[in-house]
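# Tertiary structure, described
Take a look at the letters that make up each chain.
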Amino acid sequence: MTQRTSAAPRSCPNCDGFASAAITTGGRDQCGHLLTITADCPACHGTGTRTSRRDREGVRA
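For clarity, every value in this text was computed on a predicted model and none was experimentally measured.

The helix and strand tally for the protein stands at one helix and two strands. Ordered by position from N to C terminus, the α and β elements of the protein give β-β-α. In the protein, which comprises 61 residues, the share counted as buried stands at 10%. Of the contacts made within the protein by residues no fewer than 6 positions apart, 48% connect residues no fewer than 24 positions apart.

This is the structure we're talking about:
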């Protein structure tokens with residue numbers, strides 16, 4: 001008997017699913033660790049997926 005599978009989430013077209021990136025600032029702290037900042041995709045806000053048009057507008061009867 002076959003099992004139903006859910007649809008794969010759609011990846012964001014702007015970041016292709018790689019929503020966050022760690023960027024080094026070039027400096028080091030007192031312990032010698034690199035200082036980094038996290039940059040999120042502005043389109044998907046760091047989720048890596050996009051919402052469908054139906055989800056954004058709400059379901060119509």
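On we go.
Looking now at the nonpolar core. One finds Cys 12, Cys 15, Ala 19, Cys 41 and Cys 44 forming the largest nonpolar core, which totals five residues. When near neighbours in sequence (up to four residues on either side) are disregarded, Cys 44 contacts Cys 12, Cys 15, Ala 19 and Thr 49.

Summed over all chains, the structure comprises zero disulfides. Lacking any disulfide linkage, Cys 12 is separated from the closest cysteine sulfur, that of Cys 15, by 3.8 Å. Overall, the relative accessible area of 3% leaves Cys 12 in the buried class.

Bridge analysis of strand S1 (residues 20–28) against strand S2 (residues 34–40) gives six bridges, and the strand direction is antiparallel. Considered in S2, the bridge of Thr 24 is made with Thr 36.

Bringing the confidence of the model for the protein into the picture now. When pLDDT is low, close inspection of the predicted coordinates is not appropriate. In the predicted model, the protein carries a mean pLDDT of 80, and the fraction of residues at 70 or more is 75%. Highest mean pLDDT in the protein belongs to S2 (93); lowest belongs to helix H1 (residues 53–57) (54).

Scoring rules and cut-offs
Residues numbered from 1 in each chain as written. Predicted model: local features only at pLDDT ≥ 70, side-chain atom pairs only at ≥ 80, totals over all residues. Heavy atoms only, no water. Helix = DSSP H or I, 4+ residues; strand = E, 2+ residues; numbered from the N terminus. Buried < 20%, exposed > 50% of the residue type's maximum accessible area, 1.4 Å probe, protein only. Contact = heavy atoms within 4.5 Å. Core = buried A, V, L, I, M, F, W, Y, C linked by side-chain atoms within 4.5 Å. Disulfide = S-S within 2.5 Å. Pairing = 2+ DSSP bridges. pLDDT = per-residue confidence, 0-100.

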